[in-house]
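Chain by chain, the residues run as shown.
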Amino acid sequence: SNPKLEFIHQLCKPITRHIWKRAHRVVAVTNSLSLTAHQTAPFQSIDVIPNGIDANIFNAPNLPKKPGRSFRMFCVSRLIKRKGIEHILQAIHELGDDDLRLLIVGSGNYEQHLKKRCSELGLNKTVAFYGYCNHNKLSRLFSESDVFILVPRSEAFGNVFAEAMVSGLPIIGSTLGGIPDLISEKNGILVEPGNVGQIKQAIMTMKESSNLRRIMGEANRNKILTHYNWKRIAKKYVDVYKSAVDS
């Protein structure tokens, strides 16, 4: 957690309660955020409506995988400490599997530390840093990957998880925040943040079963198309507004 943000949150609690009490409806984008909000205002009524995803941006089909090529893991994130990327690097190092590859997209104040850590662990040929990437190129990178991996210590909705899902990728994520709203044992593997042993096991489980990856990937795309399309999400908000007006 961020001590500065926590202090500000505590300081603003009375104001937050006052605003919510006067609001006709309050909406959170995940169940975990709803639970967090109830710590501030236990009796507040809160609707949960997730963010939507534009499947037209991330509709590139998975490209045919060439036999014998490396197992490609993909991570998109701000490069900051709480995202847990350092634990992924440690897991890859301990596995010592020459077939593993990790591409990291994003930037942040932890980038130089992560690059230094890669050098210390001997992962310079295994891990690549892409930097910033726009959505058009990002769609292509998703399609070239075998699995999406990000194991943060905290996460709200996590749009990038939904983008990976609609791209047809299986997921390795963490058990905290809004990630479990999206991921279950049917479409990915969740690990405890910072648990390198669980991360190692999740990576090898994904690597060793292309059929499991295919089943999870198909389930992910179907889940996003069915439940997280903007038409469905917009209707939920319209229903909330109608309810507020009629009350």
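Here goes a summary of the coordinates provided. Just so you know, these numbers come straight off a predicted model, no measurement behind them.

## Considering the state of the cysteines
For the coordinates displayed, the defined rule picks out 0 disulfides. Not part of a disulfide, Cys118 finds its nearest cysteine sulfur in Cys75, a span of 11 Å.

## Points about the pattern of salt bridges
Applying the stated criterion across every chain, the model contains 11 salt bridges. Taking the shortest distance from any N to any O, the salt bridge between Arg25 and Asp47 comes out at 2.9 Å. Linking Arg25 in the loop between helix 1 (3–22) and strand 1 (26–28) with Asp47 in strand 2 (residues 46–48), this pair joins segments that are 22 residues apart in sequence. In this structure, Arg214 engages Glu218 in a salt bridge whose closest nitrogen and oxygen atoms are separated by 3.4 Å. Remark: Glu218 and Arg214 occur in helix 9 (residues 210–227); sequence separation between them is 4 residues, near one turn of the helix. What you see here is one network of salt bridges that share partners, running through Glu86, Arg117 and Glu120.

## A short note on a nonpolar patch on the surface
Taken together, Leu5, Phe7, Ile8 and Leu11 make up a surface patch of nonpolar side chains, about 430 Å² in accessible area. Looking at the element boundaries, Leu11 is found in helix 1.

## Focus: the pairing of strand 3 (residues 71–76)
The buried count for strand 3 comes to 5 of 6 residues, which makes it a mostly enclosed element. One crossover worth recording links strand 3 to the parallel strand 4 (residues 100–105) by way of helix 3 (residues 85–95), and it is right-handed. With 2 bridges joining them, strand 3 and strand 6 (residues 147–149) adopt parallel strand pairing. Of the residues in strand 6, the one forming a bridge with Met73 is Val147.

## A short note on the packing of helix 5 (residues 135–143) against helix 6 (residues 159–166)
In the contact formed by helix 5 and helix 6, the axes pass within 10 Å of each other and the chain directions differ by 60°. Between helix 5 and helix 6, the angle falls in the class oblique. The two elements helix 5 and helix 6 meet at a crossing, and its hand is right-handed. The segment helix 5 lies against helix 6, with His135, Leu138 and Phe142 engaging Val160, Glu163 and Ala164.

## Some thoughts on helix 10 (residues 230–246)
Compared with the 24 Å implied by 1.5 Å per residue over 17 residues, the 24 Å span of helix 10 between its first and last C-alpha is a close match. For helix 10, the complete set of buried residues consists of Ile233, Val240 and Ala244. Around the axis of helix 10, the buried residues are gathered within 35° of arc, so they sit on the same side. Those residues of helix 10 that are exposed and aimed more than 90 degrees away from the buried face are Lys231, Lys235, Lys242, Val245 and Asp246. The inward-facing, buried residues of helix 10 abut strand 1, strand 2 and helix 9.

## Re the side chain of Thr40
Tracing the backbone shows Thr40 in helix 2 (residues 31–40). Sequence-distant contacts of Thr40, defined by excluding residues within four places in its chain, comprise His9, Lys13, Thr16, Arg17 and Trp20.

## Here we look at the nonpolar core
Membership of the largest hydrophobic core comes to 57 residues, with the highest contact counts inside it found for Met73, Leu89, Leu102, Phe142, Phe148 and Ile203. If near-sequence neighbours (up to four positions away) are discounted, Phe148 is found in contact with Phe74, Cys75, Val76, Phe142, Val160, Phe161, Ala164, Leu169, Pro170, Ile171 and Ile172.

## Some thoughts on the sheet that holds strand 7 (residues 171–174)
Taken together, the 6 strands give an open sheet; going across it, the order is 5-4-3-6-7-8, and neighbouring strands pair in parallel fashion. If you trace the sheet from one side to the other, it starts and ends with strand 5 (127–131) and strand 8 (188–191), each paired once. Going across the sheet, the axis of each strand differs from the next one's by a mean of 25°, ignoring polarity. Across 2 bridges, the pairing between strand 6 and strand 7 is parallel. Across the sheet, the residue bridging to Ile149 is Ile172, located in strand 7.

## Some thoughts on the packing of aromatic side chains
In the structure shown here, the tally under the stated rule is 3 aromatic pairs. Seen in terms of ring centroids, Phe142 and Phe148 are 6.2 Å apart; in terms of plane orientation they differ by 50°. Their pairing is tilted. We note that Phe142, like Phe148, is buried. Seen from their ring centres, Phe148 and Phe161 are 5.4 Å apart, and the 80° between their planes marks the pair as edge-to-face. Taken as a pair, Phe148 in strand 6 and Phe161 in helix 6 lie far apart in primary sequence, 13 residues in all. Exposure class is identical for Phe148 and Phe161. Each is buried. Linked through ring pairs, Phe74, Phe142, Phe148 and Phe161 together constitute an aromatic cluster.

Conventions adopted
Residues numbered from 1 in each chain as written. Predicted model: local features only at pLDDT ≥ 70, side-chain atom pairs only at ≥ 80, totals over all residues. Heavy atoms only, no water. Disulfide = S-S within 2.5 Å. Salt bridge = Lys/Arg side-chain N within 4 Å of Asp/Glu carboxyl O. Helix = DSSP H or I, 4+ residues; strand = E, 2+ residues; numbered from the N terminus. Patch = residues over 30% accessible without salt bridge, like charges linked within 9 Å, V, L, I, M, F, W, Y side chains within 5 Å. Areas by Shrake-Rupley, 256 points an atom, 1.4 Å probe, with all protein chains shown as cover. Buried < 20%, exposed > 50% of the residue type's maximum accessible area, 1.4 Å probe, protein only. Right-handed = clockwise from strand over helix to strand, strands pointing away. Pairing = 2+ DSSP bridges. Axes fitted to C-alpha atoms, helices over the stretch in contact; angles between N-to-C directions. Parallel < 35°, antiparallel > 145°, perpendicular 65-115°, else oblique. Left-handed = near helix turned anticlockwise from the far one by under 90°. Contact = heavy atoms within 4.5 Å. Expected span 1.5 Å × (residues − 1). Arc of directions from axis to C-beta. Core = buried A, V, L, I, M, F, W, Y, C linked by side-chain atoms within 4.5 Å. Phe/Tyr/Trp six-rings, centres within 6.5 Å; stacked < 30°, edge-to-face > 60°.

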